[in-house]
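Fold and contact review
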Amino acid sequence: MTDHNHRFPIAKMSRLFGVSRSGYYQWRGRGPSRRAMANQQLKRAILRVWEASDRIYGAPRIYRQLEAEGWSTSRPRVARLMQAMGVQSRIRRKWKATTDSRHVFPVAPNLLDRQFAPSGLGTVWVSDITYLPSSGGWLYLTTVMDLGDRQIIGWNLSRTLSAKATSVAALTQALARRRPTDSLLFHSDRGIQYACGEFTR
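Described below are features of the structure shown in this document.

**As for the environment of alanine 163**
Along the chain, the position of alanine 163 falls in the loop between strand E3 (151-158) and helix H6 (167-177). Measuring from C-alpha to C-alpha, the distance between alanine 163 and glutamate 198 comes to 7.0 Å, with 35 residues separating the pair along the chain.

**What to know about the pattern of salt bridges**
Under the criterion given, the structure shown has 4 salt bridges. Of the charged contacts in the structure, one is a salt bridge between glutamate 69 and arginine 48, with a shortest N-O distance of 2.7 Å. Within this pair, whereas glutamate 69 is found in the loop between helix H4 (59-68) and helix H5 (75-85), its partner arginine 48 is found in helix H3 (residues 34-52), the two being separated by 21 residues in sequence. On the basis of relative accessibility, which here comes to 43%, the residue arginine 48 falls in the partly exposed class. A single salt-bridge network, built from bridges that share partners, covers Asp146, Asp149 and Arg178.

**Observations regarding H5**
When we look at burial in H5, the residues that qualify are Arg77, Val78, Leu81 and Met82. Along the long axis of H5, the arc covered by the buried residues comes to 135 degrees, so they all point the same way. Facing away from the buried surface of H5 by more than 90 degrees, the exposed residues are Pro76, Gln83 and Ala84. Check the buried side of H5 and you find it contacts H3 and H4. Just beyond H5, the residue with positive phi is glycine 86, at close to 75 degrees.

**Looking at the packing of H4 against H5**
Close contact between H4 and H5 brings their axes to 9 Å; oriented N to C, the two are set at 120 degrees. What the angle tells us is that H4 and H5 run oblique. Judged by the twist between their axes, the crossing of H4 over H5 is right-handed. Here H4 contributes Ala59, Pro60, Ile62, Tyr63 and Leu66 to the contact with H5, which in turn contributes Arg75, Val78, Ala79 and Met82. Of the residues in the contact of H4 with H5, the class split is 8 nonpolar, no polar and 1 charged.

**Quick look at the packing of aromatic side chains**
Throughout the structure, instances matching the rule amount to 4 aromatic pairs. Residues phenylalanine 186 and phenylalanine 199 carry aromatic rings whose centres are separated by 5.4 Å and whose planes lie at 50 degrees to one another, so their mutual orientation is tilted. In this pair, phenylalanine 186 sits in strand E4 (residues 185-187) while phenylalanine 199 sits in helix H8 (residues 197-200), placing the two residues 13 residues apart along the sequence. Ring centres 5.5 Å apart and planes at 85 degrees place the aromatic pair tyrosine 194 and phenylalanine 199 in the edge-to-face group. Since its relative accessible area comes to 13%, phenylalanine 199 is described here as buried. Aromatic ring contacts, followed pair by pair, group Phe186, Tyr194 and Phe199 into a single cluster.

**A short note on the pairing of strand E1 (residues 124-134)**
Across 3 bridges, the pairing between E1 and E4 is parallel. Bridge assignment links valine 124 to a residue of E4, and that residue is leucine 185. In terms of strand pairing, E1 meets strand E2 (residues 137-146) through 10 bridges, oriented antiparallel. Residue leucine 132 lies in a different strand from E2, and its bridge partner there is leucine 139. Where E1 folds back on E2, the antiparallel hairpin that results is connected by 2 residues.

Conventions and cut-offs
- As a convention, each chain's residues are numbered from 1 in the sequence order in which they are written.
- Only residues with pLDDT of 70 or above have their local features reported here, since the model is predicted, and side-chain atom pairs are shown and tallied only from 80 upward, although totals for entire chains, interfaces and linings are computed over all residues.
- To obtain the side-chain values, all non-hydrogen atoms of the structure were included, while hydrogens and water were left out.
- The helix count covers DSSP runs of H or I at least four residues long, the strand count covers runs of E at least two residues long, and both are numbered beginning at the N terminus.
- Salt bridges are identified by distance alone: a Lys or Arg side-chain nitrogen within 4 Å of an Asp or Glu carboxyl oxygen.
- Here's how the labels work: a residue is buried when its accessible area is under 20% of the maximum for its type, exposed when over 50%, partly exposed in between, all with a 1.4 Å probe on protein chains only.
- By construction, the arc corresponds to the directions joining the helix axis to the C-beta atoms.
- Contact definition: two residues touch when any of their heavy atoms are within 4.5 Å.
- In this analysis, axes come from line fits to C-alpha atoms, helices being fitted only over the stretch in contact, and the angle between any two N-to-C directions falls in the range 0 to 180 degrees.
- Angles below 35 degrees are treated as roughly parallel, those above 145 as roughly antiparallel, those between 65 and 115 as roughly perpendicular, and all remaining angles as oblique.
- Note on convention: near helix rotated counterclockwise from far helix by under a right angle means a left-handed crossing. Clockwise means right-handed.
- Each residue is assigned to one class: nonpolar for Ala, Val, Leu, Ile, Met, Phe, Trp, Tyr, Cys and Pro, charged for Asp, Glu, Lys and Arg, and polar for all the others, Gly among them.
- Each pair of aromatic rings taken from Phe, Tyr and Trp, with Trp reduced to its six-membered ring, is defined by centres within 6.5 Å and is described as stacked if the planes are under 30 degrees apart, edge-to-face if over 60, and tilted in the remaining cases.
- A pair of strands is treated as paired once DSSP finds two or more bridges between them.

Structure, rendered in C-alpha cells:
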C-alpha cells in the first residue's frame, strides 16, 4: 500500500525514518502544533508592531513593546521569527540639518540662558525647526511655544526652509493667537531663518 501523496511505499518510509505506520498516519492526521500556532500569532503581532513603528523597530524594541502588551516571549525568539519573515529594522537617518548658522546676519546674544520658568504668559517664547520624513520628501515643522504654559501657539509645516515658510509663518500665527507682553523674549537657535532681515523686521 502506498500513500498517493508520496512516491515511496509507506512501509519503506516507516523503516527509513524508524516510525510505525500507525505513528505516521497519526502524524498526518494531526494539525499544527501548539508551538507552530503560537508562532503564527506572534508573527502577526510582530508585523503589527513593526508596521506601527513605520518599519524602523528592530527585535529589541519590538520585544519590549510585545512584553508591555503582555506577550510571553523572548528577544531571541522575536529576532528568529523576524528573520524568518524577512522583517528587519529600517535605519532612519538620525540627523538632518534644518538651520544654517554660517551666515552674515547679526546674531543676538543668549538672553534666556536656560531660564525655562518665566513669570507668566507672553514673556518668553521659544521656537525651533524640525524635519519630518514623508513619502514625498522632507517636511519642515516650525513651532513657537510660550514657556509660560508650554503651549504651542504658532506653527507651520512647509516643504522649504525659507524664512517666509518657517520662522515668519510660525511667528505670524503665534501673534494672531496670543498677545505678547512689552518685554517678550523670543529665543531660538542662530540659524539663518531667525537671523535674517525678513524675520527680524
